[in-house]
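# Fold and geometry: a report
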Amino acid sequence: MLRLVIAFSFAQAAVAMARPAVSYRALALGADERAIGIIAGVYALLPLFVAVPLGRRTDHGRCAPLLPAGVILISGGTVLSATADSLTAMAAWGGLMGLGHLCFVIGAQSLVARQSAPADQDRNFGYLTVGVSFGQLFGPVGAGLVVAGEGGELARTSALALVIAAGTGLLGLGSLWRIERRSAAVPPPDRADRVPVHRILRTRGVPGGIFISLAILSATDVLTAYLPVLGEDRGISPLVVGLLLSLRAATTIACRLFMGPMIQAIGRTALLVGSCLLGGLLCAAVALPVPVWGLAVMLALLGFCLGAGQPLSMTTVVRAAPAEARSTALALRLTGNRLGQVAAPAGAGLLAGAVGTAAPFVLLGGLLLGAAGLALRDRDL
C-alpha cells in the first residue's frame, strides 16, 4: 500500500502542478475566463469515452499495467503543453494528460478494492487519497514558486513549471515495480456474464456515490483552475495562490489521516453529510471579497471538509456494486467525475465571463449542498 501511495503522490503532484501552470500559460497566450474554462474542461473530455472499457478490462484482468501507462501519458501531455503555442494545442495536450490521470486512477482504485478486506476499505481508500492530497499539497506551491520567478514572465515560467511537473510524475515509476499480486487477477468471463452498465447504475447507492464524488472533485478541480484567475482579479500573486491551494491540500491530508477515528466517533453518514454541507457553504463564501488571511481560513476549513467525501464515496460504490463489476462501477464513478470536470469548468467559465470571477465558487457550493442531500438519502449503505 505504501508504494502505491508514493507513486500516486508523484503522479498527483505532477497534475496538481501542471493544472495551475496550464492556466497561467493560457493567460500568457491571451486566454480569457471562457477559454480557461474550455481548456480545463477538455482535460476531462477524452477520458469520458474510455473509462468504462478500461473498467471492464480491469474487472477481469490485471490492474498494474494501467499505472505506468498513466504516468507516461501524464508526463507526455505536460511536456507537450509546455511547448504549445496556441490555446487549441494546449487544450489537446491537456486532454492527453487527463487520459493518463484516468488510467492511473482506475488502476490504483481497482487495486485497492481487489486487495483490501471489506473492513479495511475505508481505511485503505483513505490512505490512497492521502497520496492524492500530498500531490495537491506540493504541486500548486511548486507551480507558484516557478511561475512567479524571474519577473513573472508567464509564458516562459509557466512552460518551465510544466516541464518540472512532467519530471515529477516520472519519479513515481520506481514504486510501481511488481506492485500487484498476480494471483489477484481474475480470468475473463464470457461476455454474456458481464454485468450491464444500466444495471450497475440502477443499483441503490451507486448513483449517489457518483454524484457525491463528482461534486467534490468538481470543487477541487475548479478551485485549482480558477483560484489563479480569482487571484489575478484581486491582485494576489501566483506564489500566494499556490500557497493557498497547498494549504487546502494540507488540511485535506489531515482529514484523511484521522478518518478512522472520525468514523468511529460520529459515523460514516454524519461525516459525509456534514462535510459536504459545510463544504458547500465555505465554497460559496470564497466568492466574498475577503482579505487574503480570510481566504486562507476558508480554504483551510474547506480542504478539511473535502477530505472525507472521496474515499467514502469509493467505499460506497464498491459496496453497492455487484462483486464482479466493482472496477466497472469505479470507472463509472470516474466517468461522473470527468463529466463534472467538463461541465463544471465550462459552466464556471461562462459564469465568470458573464457575472465575474467569483461566481464559479457559488456554483460549486450548490453542487456540494446537493451532494449532502444524496448522502443523507443513502445513509444506510
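Our focus in this paragraph is the overall build of the protein. A count of helical and extended segments in the protein gives 15 helices and 0 strands. Against the globule reference of 21 Å for 381 residues, the protein gives a C-alpha radius of gyration of 19 Å, in line with a compact fold. Along the first, second and third principal axes, the C-alpha set of the protein runs to 60 × 40 × 35 Å. Split into buried and exposed, the 381 residues of the protein put 59% on the buried side. Across the protein, the fraction of contacts at a sequence separation of at least 24, relative to all contacts at a separation of at least 6, is 86%. By element, 69% of the accessible surface of the protein is carried by carbon and sulfur atoms, the whole surface being about 14,200 Å². Charge-centre separation for the protein: the mean point of 28 positive side chains lies 8 Å from the mean point of 17 negative side chains.

As a further point, take the environment of Leu295. Inspection of the secondary structure assignment puts Leu295 in helix 13 (residues 292–320). In the structure, Leu295 is positioned 51 residues away from Leu244 in sequence and 8.1 Å away in space, judged by C-alpha atoms. What Leu295 contacts, discounting residues up to four positions off in sequence, is Ile236, Leu244, Val286 and Val290.

The subject of this paragraph is the state of the cysteines. The full count for this structure, using the stated rule, is 0 disulfides. Cys276 forms no disulfide, and the closest cysteine sulfur to it belongs to Cys305, at a distance of 8.8 Å.

A general trend in soluble globular proteins is that nonpolar side chains are found buried together. Core analysis: the largest hydrophobic core is formed by 100 residues, its most contacted members being Leu4, Phe104, Ile106, Leu227, Leu299 and Phe361. Excluding residues within four positions of it along the chain, Ile106 makes contact with Ala51, Leu54, Thr58, Leu66, Ala331 and Leu334. Counting 10 residues, the second-largest nonpolar core is a separate cluster that includes Val206, Ile210, Val317 and Ala329.

For the rest of this paragraph, the subject is a nonpolar patch on the surface. A cluster of nonpolar residues, Leu277, Leu278, Leu281 and Leu369, forms a patch on the protein surface that exposes about 350 Å² of accessible area. Relative to the elements of secondary structure, Leu281 occurs in helix 12 (residues 268–285).

Before going further, it helps to spend a moment on the packing of helix 12 against helix 13. Where helix 12 meets helix 13, the closest approach of the two axes is 8 Å, and the angle between their N-to-C directions is 140°. As summarised for this structure, helix 12 and helix 13 are arranged oblique, according to the angle between their axes. In this structure, helix 12 crosses over helix 13, and the sense of that crossing is left-handed. On the side of helix 12, the interface is formed by Arg268, Leu271, Leu272, Ser275, Leu278, Gly279, Leu282, Cys283 and Ala285, while helix 13 contributes Met298, Leu301, Leu302, Cys305, Ala308, Gly309, Leu312, Thr315, Thr316 and Arg319. Looking at the contact of helix 12 with helix 13, its residues break down into 12 nonpolar, 5 polar and 2 charged.

Right, let's get into the side chain of Thr335. Along the polypeptide, Thr335 turns up in helix 14 (residues 326–354). Here Thr335 is in contact with Leu48, Ala51 and Val52, once residues within four sequence places are set aside.

Turning our eyes to something else, we now look at the confidence of the model for the protein. Scored by pLDDT, the protein has a mean of 80; 90% of the residues are at 70 or more. The least confident element of the protein, judged by mean pLDDT, is helix 14 at 73; the most confident is helix 4 (residues 66–83) at 90. In the predicted structure, residues 187–192 sits below a pLDDT of 50 and forms 4 contacts with residues beyond four places in sequence or in another chain.

The next thing to look at is the side chain of Arg25. Tracing the backbone shows Arg25 in helix 1 (residues 2–28). Here Arg25 sits buried without a salt bridge, and the closest side chain of opposite charge, Asp85, lies 7.1 Å off (N-O distance). When neighbours within four sequence positions are excluded, Arg25 is seen to be in contact with Ser81, Ala82, Thr83, Ala84, Met90, Ala155, Ser158, Ala159 and Leu162.

Moving on, we get to the environment of Gly209. Residue placement: Gly209 occurs in helix 9 (residues 206–234). With relative accessibility at 3%, the residue Gly209 sits in the buried group. Excluding residues that lie within four positions of it along the chain, Gly209 makes contacts with Ser313 and Val317.

In this section: the packing of helix 11 (residues 259–266) against helix 13. A packed helix pair is summarised by two numbers, namely the angle formed by the two axes and the spacing between the axes. Following both chains from N to C, one finds helix 11 and helix 13 inclined at 85°, their axes separated by 12 Å at the closest point. By the angle class used here, helix 11 and helix 13 are roughly perpendicular. In contact with Met259, Met262 and Ile263 of helix 11, helix 13 contributes Phe304, Gly307, Ala308, Pro311 and Leu312. Here the residues of the contact of helix 11 with helix 13 sort into 7 nonpolar, 1 polar and no charged.

The residue Arg248 is located in helix 10 (residues 238–257) in this model. When the C-alpha atoms of Arg248 and Val132 are compared, they prove to be 12 Å apart, with 116 residues separating the residues in sequence. Not counting residues within four places of it along the chain, the set of residues in contact with Arg248 comprises Gln136, Thr220, Leu299, Gly303 and Leu306.

Thresholds, definitions, all that
Residues numbered from 1 in each chain as written. Predicted model: local features only at pLDDT ≥ 70, side-chain atom pairs only at ≥ 80, totals over all residues. Heavy atoms only, no water. Helix = DSSP H or I, 4+ residues; strand = E, 2+ residues; numbered from the N terminus. Rg over C-alpha atoms; globule rule 2.2 N^0.38 Å. Buried < 20%, exposed > 50% of the residue type's maximum accessible area, 1.4 Å probe, protein only. Contact = heavy atoms within 4.5 Å. Areas by Shrake-Rupley, 256 points an atom, 1.4 Å probe, with all protein chains shown as cover. Lys, Arg positive; Asp, Glu negative; His and termini not counted. Charge placed at Lys NZ, Arg CZ, Asp CG, Glu CD. Disulfide = S-S within 2.5 Å. Core = buried A, V, L, I, M, F, W, Y, C linked by side-chain atoms within 4.5 Å. Patch = residues over 30% accessible without salt bridge, like charges linked within 9 Å, V, L, I, M, F, W, Y side chains within 5 Å. Salt bridge = Lys/Arg side-chain N within 4 Å of Asp/Glu carboxyl O. Axes fitted to C-alpha atoms, helices over the stretch in contact; angles between N-to-C directions. Parallel < 35°, antiparallel > 145°, perpendicular 65-115°, else oblique. Left-handed = near helix turned anticlockwise from the far one by under 90°. Nonpolar A, V, L, I, M, F, W, Y, C, P; charged D, E, K, R; others polar. pLDDT = per-residue confidence, 0-100.

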